[in-house]
Amino acid sequence: MSVAVKKSPLFNNRKSFKHPKSTWMDAGDDDRKRKTPLKVNAGLLSNGYHKSPSDGPSLKRARKSINGHAGSEGEGRRFSVSLASTKQLPLQEQRSKLPIAKGKDALIQEFRENEVTVLLGETGSGKTTQVPQYLLESGIARDGMIAVTQPRKVAATSLATRVAVEQNVTLGSSVGYSVRFDERSSSETRIKYMTDGMIVRELMSDPLLSKYSVVIVDEAHERSLRTDLLIANLKTILRQRNTPQDVKGKGKGRADTNPLKIIVMSATLDAEKFGRFFSGAKIIYVQGRQHPVKIYHSSQGQVDYADAAMRTFFQIHTEYPPGDVLIFLPGQEDIESLEKTIQIYANQLPQDRMSVLMCPMYASQAPGQNSKVFRPTPPNTRKCILATNIAETSITIPGVKFVIDTGKCKEKRYLARNTGGGFDTLLTRDITQSSAMQRAGRAGREGAGYCFRLYTEDAFKTMALSSEPEIMRCSLSSSLLQLKCIGQDLETLELMDQPADESMKSSLILLFFLGALNQKKEITSIGRQMAAFPLEPIFSRAIIASKEYGCTHEVLDIVSILSASSKIFVESSEQRDAVSEARHTRKLTSPRARADCKDWCRRHFLNERALLEANDIREQLRQTCQRLGIDHQTSCGDKEDPVIHSLGHGLAMNLALLQPDGSYKQTIGQAIVKIHPSSTLCDKKTPAIIYDELVYTNQIYARGVSRISKSFIMTLGMLKQES
DNA sequence: GAGCACTGC
């Protein structure tokens, strides 16, 4: 043990600090089953469901990195390396060495015989890249297209890139992709990787998905809102497109039918549920290829997970061989404070020790801040990566050998109110078992690794198996409106999990309030126009209202920025005052040339990527306006009222009035809300406000706040009575 | 006085 560490005040104070041998319980047995990575194909069972080991990094990890070059599966990364290295195996040989390859013929046979197949594949099995190629090469796809859906854009694009190379074709010819703002596909395209949101959008113009002969739903276990909507629709489409097999031998099907095959790819935990949903679907298990990860559990519960994480880090640093450490924490606040603490103690280490390189990682970080995490670790240094869930599925960090898992994450959950409103909560909670496995798996990417869980094995066992499907915990108004467009309804559509009545009711009320649905719950012409925009209904309604107020130009600007995925304002605790000054007082006039944008953004603490995304969104909205015959150029100049009033039509349920005590009370619903401290209107005592969202953390905060006149609120009330 | 992660022809 390092003398320096023992000397540090923290450890002197902490009698509870224990040597790893006694602190950590060896969870153990998951290693043995994975010792021989290539001996996998016996694992391809055409019948029944192989239970994966009860613990261990067996879940499929997500794929892709923020800088875009990590492939979807482990072999994807290796592949991108092989382009530059002659020492690598030839391409086809690489393909044939994938775990899934030896089961190829049996797999193809199963796909041929079954309408629906559930494929359980562990990390590194190669299923996402190989199965579409098998389907194409074996003729199962006939002359239709094969769609492979992904929850994330980078996954879709990098998978397509890789499969195009394996097929030796140009990307966009027979292998392509389609994600928002970016499409590489043509009339030739046979295998199309796409985001689940994209194919759900396609449903609106082609409710039977008749272009596709096979739809592969990948990462189905993540249960994203759009994956769930897709799966529900696929079941309906199956009934409509596939001729029922009457009697054996007679079930040839009509010549004019265009039957659909469905392959659901999932990690192990939820497999049976998918199988049950598509009654009688075949479940097939494919073993993966992942290095063993030794998992330790804490012998007792930890009260202070940040402190425990720090002590564990130094245990690793002083007692284990080189290799980077990845610490999972719930949020930015924890990351920033732990970064400081670890740095202080790391500075006290003796000179001859390995030094520590801190790498914080979270989504709202200034762009470029996190680039050092992807650079090779300097000699005689250990990276300490402090990350949110961003490192669990979205970003793959090379070189990680040790994972410290606090067992906590932040979860966004929508609380619907019967009034039609509702608000988001963002609270720290325990992670799920599948999340814990995913985190542990992050230590086994490049070699054997270790995972230290700051919770007991019993605590692990009492965790939920997997997180609640997104459809159960988000606002449904946008999805409901989309479904209404194709004559469907959340109440009648057969979903894997049905959202709460209150949540559906609240969406109905909101859509009614916005004029998108009438009293009979039928879609109105306003509703159809709203659904054409890839926006939350509150924003599409504002665009439609802007026609009347003559300010579509301005409203498009605002809505684009509000619906960009990350906030355009950069957050930095160290330069908080400068950021605040920039936000409150500077006039932000954009530079003409895009080339200046990066520097201009940095000087004004703006997130360049978010601004560019907003720009893309704006262009898309402009095209939608054009299609709908809304003149996107009408402008109100410098006048504020038309803009606020347009937004007011969309945000009519998001109004609050100043109370004598300085708080705000909603005009609909009774909640007391506070203006979020990041708002320029905080402490300004504006009599009436309008906001774009409510978030409950330790209080209910209104974010995206604007001033609005009380007299206009009265007008809105009148309008409501008229409709 | 404060910000988990994704996504949309």
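Report follows, based on the coordinates. (Residues numbered from 1 in each chain as written. Chains lettered and ligands numbered in written order. Predicted model: local features only at pLDDT ≥ 70, side-chain atom pairs only at ≥ 80, totals over all residues. Heavy atoms only, no water.)

## Here we look at the overall build of chain A
Heads up, the rule is: Counting from the N terminus, the helices are DSSP H or I runs at least four residues long and the strands are E runs at least two residues long. Exposure classes here rest on a 1.4 Å probe applied to the protein chains alone. A residue is buried below 20% of its type maximum, exposed above 50%, and partly exposed in between. Any two residues having at least one pair of non-hydrogen atoms within 4.5 Å are treated as being in contact. Note on areas: these come from Shrake-Rupley sampling with a 1.4 Å probe, and a residue is covered only by the protein chains present in the view.
Across its full length, chain A holds 26 helices and 22 strands. Across the 723 residues of chain A, 55% fall into the buried class. At a minimum sequence separation of 6, the contacts of chain A that also span at least 24 residues come to 74%. About 32,400 Å² of surface is accessible on chain A, with carbon and sulfur atoms providing 50% of the total.

## Some words on the nonpolar core
Heads up, the rule is: Note on terminology: a nonpolar core comprises buried Ala, Val, Leu, Ile, Met, Phe, Trp, Tyr and Cys residues joined through side-chain atoms within 4.5 Å. Note that the domain bounds reflect an automated or database-derived domain assignment.
Counting 85 residues, the largest nonpolar core has Leu234, Phe278 and Ile543 as the members making the most contacts within it. Counting residues per element, this core draws most heavily on helix α10 (residues 225-241), at eight residues. Viewed by domain, this core spans two of them, domain 2 (59-242 + 257-286) and domain 3 (651-723), each represented by three or more residues. Not counting the four nearest positions on each side in its chain, Ile543 is found in contact with Phe533, Leu535, Val555, Leu556, Val559, Leu621 and Cys625. Among the nonpolar cores identified, the runner-up in size contains 32 residues, and Tyr134, Leu135, Val163 and Val286 belong to it.

## Observations concerning the protein's contact with DNA strand B
Using the following cut-off: Whether a residue is near a molecule or strand is decided by its heavy atoms; if any one of them lies within 4 Å of it, the residue is near. Whenever a nitrogen or oxygen atom comes within 3.5 Å of another N or O atom, the pair is scored as a polar contact, on the condition that within protein one atom can donate a hydrogen and the other can accept it, and that pairs from neighbouring residues in sequence are kept only if both atoms are in side chains.
The full set close to DNA strand B counts 35 residues, and Arg201, Ser205, Ala363, Lys410 and Lys412 are the nearest of them. Here, DNA strand B places atoms within 4 Å of the protein, and 64% of those atoms are sugar or phosphate. Contact between DNA strand B and Arg180: a phosphate oxygen at 2.8 Å from a main-chain N or O atom of the residue. Arg226 places a polar side-chain atom, nitrogen or oxygen, 3.3 Å from a base oxygen of DNA strand B. Going through the elements one at a time, α9 (196-205), α13 (332-347), α14 (390-394) and β15 (408-416) are the ones with two or more residues in the surface near DNA strand B. Top contributing element to the surface near DNA strand B by residue count: α9, with four residues.

## Considerations on the packing of helix α19 (residues 525-532) against helix α20 (residues 537-549)
Counted only if it meets this: Only the stretch in contact is used when a helix axis is fitted, and all axes are lines through C-alpha atoms; the angle between N-to-C directions ranges over 0 to 180 degrees. Here roughly perpendicular refers to angles of 65 to 115 degrees, roughly parallel to angles under 35, roughly antiparallel to angles over 145, and oblique to all remaining angles. Crossing handedness: left-handed means the near helix sits turned counterclockwise from the far one by under a right angle, and right-handed means the same turn made clockwise. Classification used: nonpolar for Ala, Val, Leu, Ile, Met, Phe, Trp, Tyr, Cys and Pro, charged for Asp, Glu, Lys and Arg, polar for all others including Gly.
Between α19 and α20, whose axes approach to 9 Å, the crossing angle comes to 115 degrees. Classified by the angle their axes make, α19 and α20 are roughly perpendicular. As α19 packs across α20, the resulting crossing turns out to be right-handed. Side by side, α19 and α20 meet where Ile526, Gln529 and Met530 of the first sit next to Pro537, Ser540, Arg541, Ile544 and Lys547 of the second. For the contact of α19 with α20, the class distribution of residues is four nonpolar, two polar and two charged.

## Notes on α20
Which entries qualify depends on this criterion: What a helix is expected to span follows from its residue count: subtract one and scale by 1.5 Å.
Helix length check: α20, at 13 residues, gives a terminal C-alpha distance of 18 Å against a target of 18 Å (1.5 Å per residue), a fit within 8%. The element α20 is largely enclosed, with a buried count of 10 among its 13 residues. If you check which residues of α20 are buried, you get Pro537, Ile538, Phe539, Ser540, Arg541, Ala542, Ile543, Ile544, Ala545 and Ser546. After α20 finishes, the residue Gly550 shows a positive phi value of roughly 65 degrees.

## Thoughts on the pattern of salt bridges
To keep it simple, the criterion reads: Here, a salt bridge means any side-chain nitrogen of Lys or Arg that lies within 4 Å of a carboxyl oxygen of Asp or Glu.
On inspection of all chains with the given rule, the structure shows 25 salt bridges. Between Asp307 and Arg311 there is a salt bridge whose closest N-O contact spans 3.0 Å. With Asp307 and Arg311 both in helix α12 (residues 305-319), this residue pair falls four residues apart, about one helical turn. The burial state of Asp307 is the same as that of Arg311; both residues are buried. For Glu392, the salt bridge is made with Arg439, and the minimal N-O distance between the two is 2.9 Å. Highlighted residues: Glu392 in helix α14 and Arg439 in helix α15 (residues 433-441), separated in sequence by 47 residues. For the pair shown, Glu392 and Arg439 are each scored as buried.

## Focus on the sheet that holds strand β7 (residues 212-217)
For clarity, the cut-off: Pairing between two strands requires that DSSP report at least two bridges joining them.
Reading across the sheet, the eight strands line up as β5-β4-β6-β3-β7-β8-β2-β9 and stay open at both edges, with mixed pairing between neighbours. Each having just a single partner strand, β5 (182-184) and β9 (282-286) make up the two edges of the open sheet. Direction aside, the axes of adjacent strands within the sheet are offset by 20 degrees on average. As defined by bridge partners, strand β2 (residues 116-121) adjoins β9 across five bridges and the pair is classed as parallel. What sits directly across from Thr117, in β9, is Lys282. Contacting β3 (145-150), β4 (175-179), β5 and β6 (191-195), helix α8 (residues 153-166) crosses the sheet at an angle of about 170 degrees to β4.

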